[in-house]
Amino acid sequence: MVRNFLIGLVLASIGFIFFNLYNTYEPKTELNGIAAHYAAKGAEEIGAANIVTAIVVTYRGFDTMGEVTILFLTASIIGFFLKLSKKDEAKKIIHHGTSELLITSAQILVPIIFLFGVYVFMNGHLTPGGGFQGGAIIASGVALLIMANPNRQINHHAILWIESISGVSFVILGLLGIFLAGGFLDNRFLSLGTFGDLFSAGAIPLIYSFIGLKVGAEISNILNKYQKSQKES
Amino acid sequence: MALFIGVLVLAMAIIAILNKKLSIAVIAAGVVSLFASVLYLLMAAPDVAMTEAAIGSGLSTLIFFYVLNKIKRYNG
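Just so it is clear, the model here is predicted, and its values are computed rather than measured.

Peer 1: Hey, could you run me through the interface of chain A and chain B in this one?
Peer 2: Interface size is commonly expressed as the accessible area that is lost once the parts come together. Every contact between the two is made by 16 residues of chain A and, on the other side, 14 residues of chain B. Looking at which element gives the most residues to the side of chain A that touches chain B, the answer is helix α7 (residues 131-148) of chain A, with seven residues. Residue classes in the side of chain A that touches chain B are distributed as nine nonpolar, seven polar and no charged.

Peer 1: Just checking my understanding: could you explain the packing of helix α6 (residues 100-122) of chain A against α7 of chain A for this structure?
Peer 2: Between two packed helices, both the angle of their axes relative to each other and the distance between the axes serve to describe the pair. All names here are of chain A. In the contact formed by α6 and α7, the axes pass within 8 Å of each other and the chain directions differ by 170°. Judged on the interaxial angle alone, α7 and α6 are roughly antiparallel. Seen along the crossing, α6 lies across α7 with a hand that is left-handed. Here α6 contributes Leu102, Ile103, Ala106, Leu109, Val110, Ile113, Phe114, Phe116, Gly117, Val118, Val120 and Phe121 to the contact with α7, which in turn contributes Gly131, Gln133, Gly134, Gly135, Ile137, Ile138, Ser140, Gly141, Leu144, Leu145, Met147 and Ala148. By residue class, the composition of the contact of α6 with α7 is 17 nonpolar, seven polar and no charged.

Peer 1: Would you take a moment to explain the environment of Gly6 of chain B for this structure?
Peer 2: Residues and elements named next belong to chain B. With respect to the helices, strands and loops of the structure, Gly6 is situated in helix α1 (residues 2-18). Given 13 C-beta atoms within a 10 Å radius, Gly6 is considered partly exposed. Separated by 25 residues in the primary sequence, Gly6 and Val31 have C-alpha atoms spaced 12 Å apart.

Peer 1: Please clarify how helix α1 (residues 2-24) of chain A should be interpreted in this entry.
Peer 2: Because an α-helix completes one turn every 3.6 residues, residues spaced three or four positions apart along the sequence face the same direction. Taking 1.5 Å of rise per residue, 23 residues should cover 33 Å, and α1 of chain A covers 33 Å from first to last C-alpha, within 8% of that figure. With zero of 23 residues buried, α1 of chain A lies mostly on the surface of the structure.

Peer 1: Is there a simple way to think about the nonpolar core in this case?
Peer 2: It is characteristic of soluble globular proteins that their nonpolar side chains tend to be buried jointly. Core analysis: the largest hydrophobic core is formed by 42 residues, its most contacted members being Ala136, Ala139, Ile207, Ile211 and Leu223 of chain A together with Leu59 of chain B. Among the elements of the structure, α3 (51-59), α4 (61-81), α6, α7, α8 (156-180) and α9 (204-229) of chain A together with α3 (46-74) of chain B are those that each provide at least two residues to this core. Looking at this core element by element, the count peaks at twelve residues for α9 of chain A. Apart from residues no more than four positions distant in its own chain, Leu223 of chain A is found in contact with Ala139, Val142, Ala143 and Ile146 of chain A.

Procedures and definitions
- Residues numbered from 1 in each chain as written.
- Chains lettered and ligands numbered in written order.
- Predicted model: local features only at pLDDT ≥ 70, side-chain atom pairs only at ≥ 80, totals over all residues.
- Contact = placed C-beta atoms within 7 Å.
- Helix = DSSP H or I, 4+ residues; strand = E, 2+ residues; numbered from the N terminus.
- Nonpolar A, V, L, I, M, F, W, Y, C, P; charged D, E, K, R; others polar.
- Axes fitted to C-alpha atoms, helices over the stretch in contact; angles between N-to-C directions.
- Parallel < 35°, antiparallel > 145°, perpendicular 65-115°, else oblique.
- Left-handed = near helix turned anticlockwise from the far one by under 90°.
- Buried ≥ 20, exposed ≤ 12 C-beta atoms within 10 Å, placed from the backbone.
- Expected span 1.5 Å × (residues − 1).
- Core = buried A, V, L, I, M, F, W, Y, C linked by C-beta atoms within 7 Å.

In structure tokens:
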């Protein structure tokens, strides 16, 4: 009884707080300060057709590096806690067989999903999407592979190498920005090209490709760890 | 339209919390993410919608099922 009363009290107070926020909220009619600068000068300064990408990769590129680092840390912690002993590593996952439908569709769809992921991060500066989204799409292709054959071995060394090389290249590209252009992760040390082309917006396609590969490798690594954790039983 | 999807999201979230069967709760949580991504698309945020659809409803549902399977085996 007391417990239910307390839960109700907490819910009512949260509702009260949000109701006040909602009641006093007035949508702004024009952009303020720095947002107005991004919207007005973004295309001209960065050369990216997708303004979100211009902000995420260049204006706020340092935050993106932090996010990639957090994802790396998550993958390492999961790897640390789900590490198997040598004896368990040799075991197989016991399952009741996968359906013919899933196996066939995995064979047809996985290459297309990988291609779509690469498309999304290569065109991050032109169309919606980018490194994180493309990486997640690639990882969902890996998930489909794992589901079609639960005992599939994923090449662990390839994943680690792709992840390390793209992470280091991302930081090197950022440092090149300091020496050749305005600052860390500045994209203008390569030519901005024609607005709207695939090879435009300076270093953004390169940087986003490396972010995409790194995110894809990290999430695939997490999935691989969870897959292996099913072995012991 | 947005209101309808918002109500659906709420309904799925309540199912996810109240359902006694864990596998149904996990699927309902995945459907919440799926409808949320449609909602983001309606609000003109395709970048967020892509992330939500791929990670929220795809990968995290799969990871929940892996963990569920593991817990079931431990508890017999």
